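Summary of the model geometry
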Amino acid sequence: MTIADKEPAALPDSADRYEVEPVNAPRLRQPLYAPRKKIFPKRASGTFRKFKWLVMLITLGIYYITPWLRWDRGPFAPDQAVLVDLANRRFFFFFIEIWPQEFYYVAGMLVMAGIGLFLVTSTVGRAWCGYTCPQTVWVDLFLWVERAIEGDRNARMKLEAAPWTADKLVKRVGKHAVWLVIGVLTGGAWIFYFADAPSLLADVVSLQAPFVAYATIALLTATTYTFGGLLREQVCTYMCPWPRIQAAMLDEHSLTVTYNDWRGEPRSRHTKKAIAEGKPVGDCVDCNACVVVCPMGIDIRDGQQLECITCALCIDACDDVMTKLGKEKGLISYATLADYNANMAIATGGGQVIEPARVRDKTTNRFVDALRHTNWRSIVRPRTVVYFVIWAGIGLAMLTILSLRSPLDLNVLHDRNPLYVQLSDGSVRNGYDVKVLNMTPQPREVILSIDGLPGATMTLAGSEAAPTAQLTVELEPDKVLPLRIYVRVDPQTLPSPHLTFRMVAVSTDGSVRAQTEAKFEAPEK
Ligand code: SF4
Ligand code: SF4
């Protein structure tokens, strides 16, 4: 006999006994990791499926083609339209060239991307997840390959359950081989953003490319194959933080994929029989077409779920069923929670039970006018307008700064020790480390001068030339010219021993100019 089998001991009258069971009692414990149920999504067809194909073509096209676009920047700069030139620490984006000190442009673009995501999510829910997220796009591509080789849902399920035969082996090997090729192409396309694509391709093929290129291709091949082919919906449900974050961005006016149970319930598989028996019947015929097309394997009729990526394929599936039944499309549709609640209130009459007779006109069998339908007001509302204004404002500010920026820059660093040197002729000399940046792909001749320090002259360190009021220097294209410059002044002409002046750089053709402030120190009088 175990302790658990023993009769509970009698308690004295003064003690209470509680009938309770710990929440983690062995009897109630669930495994920490539920085994994955494999999903075999059926091919969907319809408006949203077509739209998703289009988005897939555009996004994949942008990804694979962009590194091969050329952009003429002259003989001194790369002609690749989009290039992250790590060796020279430059980012080329068509006509824009960003230097490391201008990284705030990249930060601005990231902020715009973040606000854009807020704008899209608050307007149309997880549209990013459903249409443009790389995980969604590549899973769609991998599923397309799987269907092409193994067939649609039923054929794939049959193949999965079948014993290993030559046919199954050929199909499986073929599918995984194509997936791996896609993975290699994905990793391959990525490295072309970081070097001249045609020459890097030649190097890769002839095994002359640097090791990091092969390592990157291998890593991206592995991640693409694993995430797109093997893990699929598991990435969205368990690995991605976005489904958790999005809840904070949605409100009752955001459009999300919704099962309109105010018109679908009570669902019935035997509609005619139920009607003949005088039972209330909704539009849903419980055919599960919406479930079998779902790439996440869920049932939208269970309400909003974390797993739903709002790909809208269930809308296509259900619209198809409704069309065949001669009913209005939109049993599953993009709808706002506010509209849904209003329609549910009509369908239930404020109670708990949905009565189809409340939403349809008895004589015409059409929906009653009081029902709310989603319209442009769901998109254009104060919250989305504010997001758009912020997003557009940042974009405009960046464009303005970009168009006004000088392609010439000047940095001047005053010596800290010694602050000044008194020369034998009585003049005072200060030393400076000067950097002149030519941010254009052409060579440039620049004149350096001093403004605000009367009588000042300059010499280059190591130069035998006599001090002059101006220095002329040659700048290489897209390069920084470091200079060591001495500025000397007769201290008798100085109004104060601590002065601020401007060092000015002007191109010899006068087209560009840069200036910066610097200190000049002299002994106290
Ligand atoms: S429930 Fe519908 S919208 Fe959501 S993931 Fe499934 S098919 Fe896509
Ligand atoms: S596809 Fe439409 S009719 Fe069929 S089960 Fe889903 S919601 Fe009901």
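Here we summarise the structure given alongside this text.

What counts, and where the lines are drawn
- Residues numbered from 1 in each chain as written.
- Chains lettered and ligands numbered in written order.
- Predicted model: local features only at pLDDT ≥ 70, side-chain atom pairs only at ≥ 80, totals over all residues.
- Heavy atoms only, no water.
- Salt bridge = Lys/Arg side-chain N within 4 Å of Asp/Glu carboxyl O.
- Buried < 20%, exposed > 50% of the residue type's maximum accessible area, 1.4 Å probe, protein only.
- Helix = DSSP H or I, 4+ residues; strand = E, 2+ residues; numbered from the N terminus.
- Pairing = 2+ DSSP bridges.
- Axes fitted to C-alpha atoms, helices over the stretch in contact; angles between N-to-C directions.
- Near = heavy atom within 4 Å.
- Nonpolar A, V, L, I, M, F, W, Y, C, P; charged D, E, K, R; others polar.

1. Some remarks on the pattern of salt bridges
- With the rule as written, the count across this model stands at 36 salt bridges.
- A salt bridge links glutamate 21 to arginine 27; the shortest N-O distance between them is 2.7 Å.
- Residue glutamate 21 is classed as partly exposed on the basis of its relative accessible area, which comes to 39%.
- Exposure remark for arginine 27: the relative accessible area of 62% places this residue in the exposed category.
- A salt bridge links glutamate 102 to arginine 405; its shortest N-O distance comes to 2.6 Å. Taken together, the residues span a long stretch of sequence, with glutamate 102 in the loop between β3 (96-98) and α2 (104-124) and arginine 405 in the loop between α16 (382-404) and β6 (408-414) at a distance of 303 residues.
- What you see here is one network of salt bridges that share partners, running through Lys38, Glu146, Arg147, Glu150, Asp152, Arg156, Glu160, Arg172, Lys175 and Arg232.

2. A short note on the sheet that holds strand β2 (residues 90-93)
- Reading across the sheet, the three strands line up as β1-β2-β3 and stay open at both edges, with antiparallel pairing between neighbours. Pairing within the sheet leaves two strands with one partner each, and these edge strands are β1 (82-85) and β3. Ignoring which end each strand starts from, the neighbouring axes of this sheet average 10 degrees apart.
- Bridging between β2 and β3 involves three bridges; their strand directions are antiparallel. When the sheet's bridge partners are listed, phenylalanine 92 is paired in β3 with glutamate 97.

3. Considering the site of ligand 1
- The local shell around ligand 1 consists of Val257, Cys294, Pro295, Met296, Ile298, Ile300, Cys308, Ile309, Thr310, Cys311, Ala312 and Cys314.
- Here the shell around ligand 1 is composed, by residue class, of eleven nonpolar, one polar and no charged.

4. So, the sheet that holds strand β9 (residues 444-451)
- Taking strand neighbours across the sheet as the criterion, the four strands line up as β11-β9-β13-β14 in an open arrangement whose pairing is antiparallel. Whereas interior strands pair on both sides, the edge strands pair on one side only; in this sheet they are β11 (470-475) and β14 (513-521). On average, each strand axis in the sheet is inclined to that of its neighbour by 25 degrees, with strand direction left out of account.
- Two strands pair when backbone bridges link them, and β9 and β11 are joined in this way by six bridges, in the antiparallel orientation. From the neighbouring strand, arginine 444 faces β11, where its bridge partner is leucine 475.

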